[in-house]
Amino acid sequence: MNFLRGVMGGQSAGPQHTEAETIQKLCDRVASSTLLDDRRNAVRALKSLSKKYRLEVGIQAMEHLIHVLQTDRSDSEIIGYALDTLYNIISNDEEEEVEENSTRQSEDLGSQFTEIFIKQQENVTLLLSLLEEFDFHVRWPGVKLLTSLLKQLGPQVQQIILVSPMGVSRLMDLLADSREVIRNDGVLLLQALTRSNGAIQKIVAFENAFERLLDIISEEGNSDGGIVVEDCLILLQNLLKNNNSNQNFFKEGSYIQRMKPWFEVGDENSGWSAQKVTNLHLMLQLVRVLVSPTNPPGATSSCQKAMFQCGLLQQLCTILMATGVPADILTETINTVSEVIRGYQVNQDYFASVNAPSNPPRPAIVVLLMSMVNERQPFVLRCAVLYCFQCFLYKNQKGQGEIVSTLLPSTIDATGNSVSAGQLLCGGLFSTDSLSNWCAAVALAHALQENATQKEQLLRVQLATSIGNPPVSLLQQCTNILSQGSKIQTRVGLLMLLCTWLSNCPIAVTHFLHNSANVPFLTGQIAENLGEEEQLVQGLCALLLGISIYFNDNSLESYKKEKLKQLIEKRIGKENFIEKLGFISKHELYSRASQKPQPNFPSPEYMIFDHEFTKLVKELEGVITKAIYKSSEEDKKEEEVKKTLEQHDNIVTHYKNMIREQDLQLEELKQQVSTLKCQNEQLQTAVTQQVSQIQQHKDQYNLLKIQLGKDNQHQGSYGEGAQMNGVQPEEIGRLREEIEELKNNQELLQSKLTEKDSVIENLKSSQTSGTNEQSSAIVSARDSEQVAELKQELATLKSQLNSQSMEITKLQTEKQELLQKTEVFAKSVEVQGETQTVIATKTTDVEGRLSALLQETKELKNEIKALSEERTAIKEQLDSSNSTIAILQTEKDKLELEITDSKKEQDDLLVLLADQDQKILSLKNKLKDLGHPVEEEDELESGDQEDEDDESEDPGKDLDHI
């Protein structure tokens, strides 16, 4: 407060004395007036003065305005005036001050008033509760006031809201408000709330913020929307940037799929308003947030996979190849596509298949490289293309091989109708533009990154420098350009390419050292005392020479490791060499390039180092230093160790190859065994079939042989009655006995059924005769016993019927066999009519008996069915009787309970009467003792009267009377 008074006193153009008095009077009215209208008018007047006399109103009225918010919540009008006044005091948005000092002073006022307001945390909590009011005149100024507080002192207000119960949830409700002005200001409020606060960002995300914001963007027309879309995109960036939890939630919620319609912009030449360009910029940046190289690799790859599956990458490539796209949007799209494909093989393969809509179609990579080596293209666009090419080759050995193969003689198009990526890189490498040299050298270095195969393949590339001269290798041409003293940017690019090429590739080192001019050139460059601009080149030359020593396989006698070290010792000096080598990592642009993979430079002269090359320098600087200081003996020991390790590796490799070959042989043998097993099973199946066929043929043969024997016997002595139809007389007699036994069983079952009918009749009569409870219980018990017996007997009858049915089935089967034998015999031999008559007669007799037996069995089944139905009816009657018995038993229990209660009441009444008599007797005795005469008749009458009362009236009344 003292600070504010000091500021007030220091103002040159302060308010007049009358205005200060007016503000004081208005504050007194707000504090002391009992009428709501008076307080409301006073707050309205303070609001009108708060913009012009911000300091005075803030000093004198803030406390009263906060009190109004606490006490007058029922009146939305005065609450709205108070909130507006506080907003004018705290906010700096509407200041019209032009002078720098005045602006700084107003900002200090805003932060000071904000500090006073939030000193009591209850004020912020009160403001949050007011935001729950739906009234527009309360909610809107409340939103603006809280936004202003967050802008002034964001971290402090964020902490208060974070610990406030349901504080963030109340603010999230603003996005669902149907009034657009409140919804839009709610987005601005959440922007300020989520800035640089991971905890609040997570809460807002889990309060369904992504769904609501994406709905708003869709409703507003995606990239064609207005400023509201921009605000929503900024809020989404706040929620997702550097927040792995929210990024994972965004991906798991399938919100990446909802980003695809944002980029359906087509290739129109019109319609690119400034707002649309801004919106699309933010949308592309939001995609990059999800696939940033700084994110965890697993999270980035999962987002890249989702973007390919939903078609988002395809949509971005469409914009990339479209016409009429503004240059800045095209540049940002290239950067976005770069990070979507970086390190993810599926996306890289898709990008390699994209063609530009030209005639004839050209690969998108070739079209982009044309822009990179074209000095007329904007610098930022060329940087973006270089980044895209680097991301395409990052951890993509397949893509690296495709690029290098376009330089090899076997794949170059002899007709010259199409230009390849390799030809474009070579053209840029040797052009007159130093930026093209640098970009092409770095791009080619990325084609060799961590790929020894392609480093060796690139040694085969031959270049035709001029007509009539023999071709020169690409490696030699690079060193030739270095020695010609070109621009620093060109030389740095070529040296980075050579260092990348020779590292971890002894064959390339041998090729480099084979040219006798290379080592003297490098030592001459390192040994000279040049200016600061050349120090970087000297450091890179030292690095290249160190690589030639460290990765030297001593295959060249004149340039063995020891001889190269002696050369450095004599011509440069070891300390001087190490000092020059350290120039690289000490350069100011080295640390800048090592921070991010994207080549982001303000101007071409800053384009010196590549991000991946800085990793190589960090890796090799120490080992080269150690290699330079090693003695020859240590080198020999190291060589011996290397040879031992190589021998060991060769042995291990040999055994690995043997194991691999044995594994292959084992797999082949397993396949052969499985094939032989299948063949064996097929053969066994065929043998089994053949055996069964042979057995069938044997059976047929035996049958025919028997039939022929029977025919001969029949022709010899047919008139004898020893056998008929191949059936022995003993079998016919046995069948007759079985039929007689079945008849006897049927008669026995019939008698049992008759007995059961009589039992059922007795049950029916006994059921109807029972009237009282005891007889019903006896009958039910007896019926249940009889029903159990009936069930047992029915089960016995059913089992007998089943056995009888089985015997009947057996007889029918034998009958069918007899008929078949008869037919066979009738066809094979002509029999006499008398014999046929006998057979037919016997067969008819058997059939008649069987049919009679079947008829009897059918009747027996019908009777059993009827018996079962009667048993069911009896069971239903028993159930009804049981239910009646249960009802009567329940009524009996109730009556017994009532009788018990009545007896208990009578006993209690008798006890009360006895007590009453005792009291009356004691009273009489007292009266007698006092000398009051008591007549015996009165006593008797009173006793009689009491007896009558006991009989007629409720005993409780007598008790009350006493």
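Above this text is the structure in question.
Residues numbered from 1 in each chain as written. Predicted model: local features only at pLDDT ≥ 70, side-chain atom pairs only at ≥ 80, totals over all residues. Heavy atoms only, no water.

Asker: So what about the overall build of the chain? Which residues, and what values?
Answerer: Helix and strand content of the chain: 42 helices and four strands. A separation threshold of at least 6 residues defines the contact pool for the chain, and within that pool the share at least 24 residues apart is 72%. If you sum the accessible surface of the chain, you get close to 53,100 Å²; carbon and sulfur atoms cover 51% of it. (Helix = DSSP H or I, 4+ residues; strand = E, 2+ residues; numbered from the N terminus. Contact = heavy atoms within 4.5 Å. Areas by Shrake-Rupley, 256 points an atom, 1.4 Å probe, with all protein chains shown as cover.)

Asker: Any details on helix H14 (residues 227–240)? Residues and values, ideally.
Answerer: Within an α-helix, residues lying three or four positions from one another point in the same direction, as the helix has 3.6 residues per turn. Over its 14 residues, H14 extends 20 Å from the first C-alpha to the last, a length consistent with the 20 Å expected when each residue adds 1.5 Å. In terms of burial, H14 is a largely internal element, 12 of the 14 residues being buried. For H14, the full list of buried residues reads Val228, Val229, Glu230, Asp231, Cys232, Leu233, Leu235, Leu236, Gln237, Asn238, Leu239 and Leu240. Taken together, the buried residues of H14 touch helix H11 (180–194), helix H12 (198–206), helix H13 (209–219), helix H15 (244–252) and helix H16 (274–290). The positive-phi residue at the C-terminal boundary of H14 is Asn242, with phi of around 55°. (Expected span 1.5 Å × (residues − 1). Buried < 20%, exposed > 50% of the residue type's maximum accessible area, 1.4 Å probe, protein only.)

Asker: How would you summarise the state of the cysteines if you had to cite specific residues and measurements?
Answerer: Tallied over the full model, the rule gives zero disulfides. Of the cysteine sulfurs around Cys478, a residue in no disulfide, the closest is that of Cys426, at 8.1 Å. (Disulfide = S-S within 2.5 Å.)

Asker: So what's going on with the side chain of Gln390? Which residues, and what values?
Answerer: One can find Gln390 in helix H22 (residues 379–393). We classify Gln390 as buried; its relative accessible area is 5%. The residues contacting Gln390, other than those within four sequence positions of it, are Val442, His446, Pro597, Pro599 and Asp610.

Asker: Any chance you could break down a negative patch on the surface for me, citing the residues and the numbers?
Answerer: Judged by side-chain charge, Glu898, Asp901, Glu905, Asp907 and Asp908 come together as a negatively charged surface patch. Note on placement: Glu905 falls in helix H40 (residues 833–930). We classify Glu905 as exposed; its relative accessible area is 56%. (Patch = residues over 30% accessible without salt bridge, like charges linked within 9 Å, V, L, I, M, F, W, Y side chains within 5 Å. Salt bridge = Lys/Arg side-chain N within 4 Å of Asp/Glu carboxyl O. Lys, Arg positive; Asp, Glu negative; His and termini not counted. Charge placed at Lys NZ, Arg CZ, Asp CG, Glu CD.)

Asker: Tell me what's going on with the environment of Arg382, and back it up with residues and numbers.
Answerer: Position of Arg382 among the secondary structure elements: in helix H22. Of the residues examined, Arg382 reaches a relative accessible area of 3% and is grouped as buried. Placed 13 residues apart in sequence, Arg382 and Leu369 show a C-alpha to C-alpha distance of 8.6 Å. Beyond its immediate stretch of four places on either side in the chain, Arg382 contacts Ser371, Met372, Val373, Asn374, Glu375, Gln377, Asp433, Leu435 and Ser436. A polar side-chain atom of Arg382 sits 3.4 Å from the main-chain carbonyl oxygen of Asn374. (Polar contact = N/O pair within 3.5 Å; in protein donor to acceptor, adjacent residues only side chain to side chain.)

Asker: Explain helix H33 (residues 574–581) to me, using residue names and the numbers behind them.
Answerer: Buried within H33 are the following residues: Lys574, Phe577, Ile578, Lys580 and Leu581. Down the axis of H33, the buried side of the element spans an arc of 160°, and every buried residue falls inside it. (Arc of directions from axis to C-beta.)

Asker: Before we move on, can you summarise the pattern of salt bridges with the specific residues and values?
Answerer: If you walk through the whole model with that rule in mind, you get 24 salt bridges. We note a salt bridge from Asp349 to Lys398, for which the minimum N-O separation is 3.9 Å. Here the residue Asp349 occupies a position in helix H20 (residues 345–353), and Lys398 occupies one in helix H23 (residues 397–405), the gap between them amounting to 49 residues. Shared partners join several salt bridges into a network, and the residues in it are Asp37, Arg40, Arg44, Asp75 and Glu77.

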